[in-house]
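Structural description and commentary
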Amino acid sequence: MDFGQWFVPFGEVAPLILKGFWITIEVTIVGLFFGFILGAIAGLARLSRNKIIYSIATVYVEVVRGTPILLQIFFVYFGLAALLNITFGALTAAFIALAFNSGAYIAEIVRGAVFSIEKGQMEAGRSIGLTHTQAMRYVIWPQAIKRMIPPLGNQFIISLKDSSLFSVIALGEIVYKGQQYIATTYNYGQTYITIAVAYLIITIPLSLILRQIERRLDVS
Amino acid sequence: MIEVKDLHKAFGDHEVLKGINAKVAEQEVVCVIGPSGSGKSTFLRCLNLLEPITSGNVTIVGYDLTDPKTNINIIRTEVGMVFQHFNLFPHMTTLENVTLGPMKIKKLNKQNARAEALSLLEKVGLADKADVYPESLSGGQKQRVAIARALAMNPKVMLFDEPTSALDPELVGDVLEVMKALAKEGMTMVVVTHEMGFAREVGNRVIFMDEGIVMEENTPEEIFSNPQNPRTQAFLSKVL
């Protein structure tokens, strides 16, 4: 094998994958942005003492966590069109699917973080005369939000990788771009390596940053 | 100041308080002693409704706790509480811990709240720690900040739930000194404690609890030197 020749496909596929890279980033950021809003609302609902609100949020979380994300993507893209005649473009469908999917996990992150605050904190807040709402706002939330940072970072990495599944609805993200190249060149090896590198370029620095944050949170 | 009538408290099927009757007069220091599991902490926590009352009546600083129209948040500003594990707010400095209540509930402005908090921290001997976070304080210092935090609301009664039980022995003294000073100023206090020395020296009255009832109640001199109930005798022979 000509060693120089072996590297040629990398040069060809890299610009394609770079295009996909930006789509991947866009889907992840937009999807997670709405996922965070959804997750915060659902997380609060899961903490609610109102049974109806709690139940709605619980059903949402259980349905999303109990079904494969691939199915959720198919449902948003094909299922809704068939059932209700609602059609989305691949990008919009990706935003919606990722937001709904990550929202359920973020809801559990929010709930878990609030639950992890020692019971004595709420009691101490209430004992000086704060209302439940005030104690949540001034005592519980500031501590809980700190504890959400590492798992939210983790969720970012998970959603980023999950976005590869949007290749099945022909969204031009990293994996889809790679497969297009493979379809014309049959070059599996170098393409997949390039795809892996593209993901690692984001995930490795991110997990390093997360580890730093976790270490700092541990100290305080 | 406090009147408890036939107070019952059950957790599910498990009845922890089986009909407590007690009175605490203004400026009185009442120490509650008894073996662990006797219900003394639960009793104290019922006094500011940190535990919902199952049945019976509690009147404190002029409010009926069992009246559904009673606003518990107002009562709690008048009834300070100090916990075994301090429960300081770790994300706030010492000073912020003390000013939170006055600023958010009494709507004091920052300068006034700060000035009051500093004088309270001075009182508990920690004025120099105003701007540090609780994590860098010793247990005894944390507990004194917790006392200052409770005092910041100008309570009429202070409840202490085993305030020195989580402390290293050499740190207990500082906390007890602060409590002693508070008693001298005429604060009404209910203190659940294992510190028999404190109960004897500072208490006006001692309540001995076991198995969810008040077994014996008397002046410290009488309880410690001449206990009547065999349970009290057995307990005191173990701890003294």
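Here is what the cut-offs are and how they apply
- Residues numbered from 1 in each chain as written.
- Chains lettered and ligands numbered in written order.
- Predicted model: local features only at pLDDT ≥ 70, side-chain atom pairs only at ≥ 80, totals over all residues.
- Heavy atoms only, no water.
- UniProt positions renumbered as here; feature names shortened; annotations may be inferred.
- Contact = heavy atoms within 4.5 Å.
- Buried area = accessible area lost by both parts, 1.4 Å probe.
- Salt bridge = Lys/Arg side-chain N within 4 Å of Asp/Glu carboxyl O.
- Polar contact = N/O pair within 3.5 Å; in protein donor to acceptor, adjacent residues only side chain to side chain.
- Helix = DSSP H or I, 4+ residues; strand = E, 2+ residues; numbered from the N terminus.
- Patch = residues over 30% accessible without salt bridge, like charges linked within 9 Å, V, L, I, M, F, W, Y side chains within 5 Å.
- Areas by Shrake-Rupley, 256 points an atom, 1.4 Å probe, with all protein chains shown as cover.
- Buried < 20%, exposed > 50% of the residue type's maximum accessible area, 1.4 Å probe, protein only.
- Pairing = 2+ DSSP bridges.
- Core = buried A, V, L, I, M, F, W, Y, C linked by side-chain atoms within 4.5 Å.

An unreviewed UniProt entry lists chain B under the name Amino acid ABC transporter ATP-binding protein (PAAT family), with Scopulibacillus darangshiensis given as the organism.

An unreviewed UniProt entry annotates chain A as Amino acid ABC transporter membrane protein (PAAT family) originating from Scopulibacillus darangshiensis. Quoted straight from UniProt, the Subcellular location (unreviewed entry) entry for chain A says "Cell membrane". Looking at the Sequence similarities (unreviewed entry) heading of the UniProt record, one finds this comment for chain A: "Belongs to the binding-protein-dependent transport system permease family. HisMQ subfamily."

As a further point, take the interface of chain A and chain B. The accessible area lost on association of the parts is a frequent measure of interface size. On the chain B side, the residues contacting the 19 residues of chain A number 23 residues. Across the interface of chain A and chain B, roughly 1,700 Å² is buried in total on both sides, 59% from carbon and sulfur atoms. For the pair chain A and chain B, the interface holds 1 salt bridge. For Arg45(B), the salt bridge goes to Glu123(A), with nearest N and O atoms at 2.5 Å. On inspection of chain A and its partner chain B, the count reaches 5 residue pairs in polar contact (both at pLDDT 80 or more). Among the elements of the structure, α5 (119-127) and α6 (132-162) of chain A are those that each provide at least two residues to the side of chain A that touches chain B.

Taken together, Phe33(A), Phe34(A), Ile37(A) and Ile41(A) make up a surface patch of nonpolar side chains, about 410 Å² in accessible area. Checked against the element boundaries, Phe33(A) lands in helix α1 (residues 3-47).

Counted by the stated rule, this structure contains 19 salt bridges over all chains. Arg111(A) is paired through a salt bridge with Glu108(A); the nearest N and O atoms lie 3.5 Å apart. Linking Arg111(A) with Glu108(A), this pair stays in helix α4 (residues 90-116), spanning 3 residues, or about one helical turn. Take Arg111(A): its relative accessible area is 19%, and that puts it in the buried class. Residue Arg231(B) pairs with Asp210(B) through a salt bridge whose shortest N-O separation is 3.1 Å. With Arg231(B) in helix α9 (residues 230-239) and Asp210(B) in strand β9 (residues 205-210), this residue pair connects regions lying 21 residues apart in the sequence. Accessibility expressed as a relative area gives 11% for Asp210(B), which makes it buried. Sharing partners across several salt bridges, the network here consists of Lys119(A), Glu123(A), Lys9(B), Arg45(B) and Glu51(B).

Right, let's talk about the sheet that holds strand β2 (residues 14-24) of chain B for a bit. Residues and elements named next belong to chain B. Spatially, the 4 strands line up as an open sheet ordered β2-β1-β4-β5, and their pairing is antiparallel. Each having just a single partner strand, β2 and β5 (63-64) make up the two edges of the open sheet. Pairing geometry for strand β1 (residues 2-11) and strand β4 (residues 55-60), over 5 bridges, is antiparallel. Bridged to Ile 2 within β4 is Ile 60.

Okay, the nonpolar core next. Membership of the largest hydrophobic core comes to 54 residues, with the highest contact counts inside it found for Val4(B), Leu7(B), Phe43(B) and Leu47(B). A per-element tally of this core places α6(A) first, with 8 residues. Beyond its immediate stretch of four places on either side in the chain, Phe43(B) contacts Val4(B), Leu7(B), Leu17(B), Ile20(B), Ala22(B), Val32(B) and Met209(B). Counting residues in hydrophobic clusters, the runner-up holds 46 residues, among them Ile33(B), Ala117(B), Val178(B) and Leu236(B).

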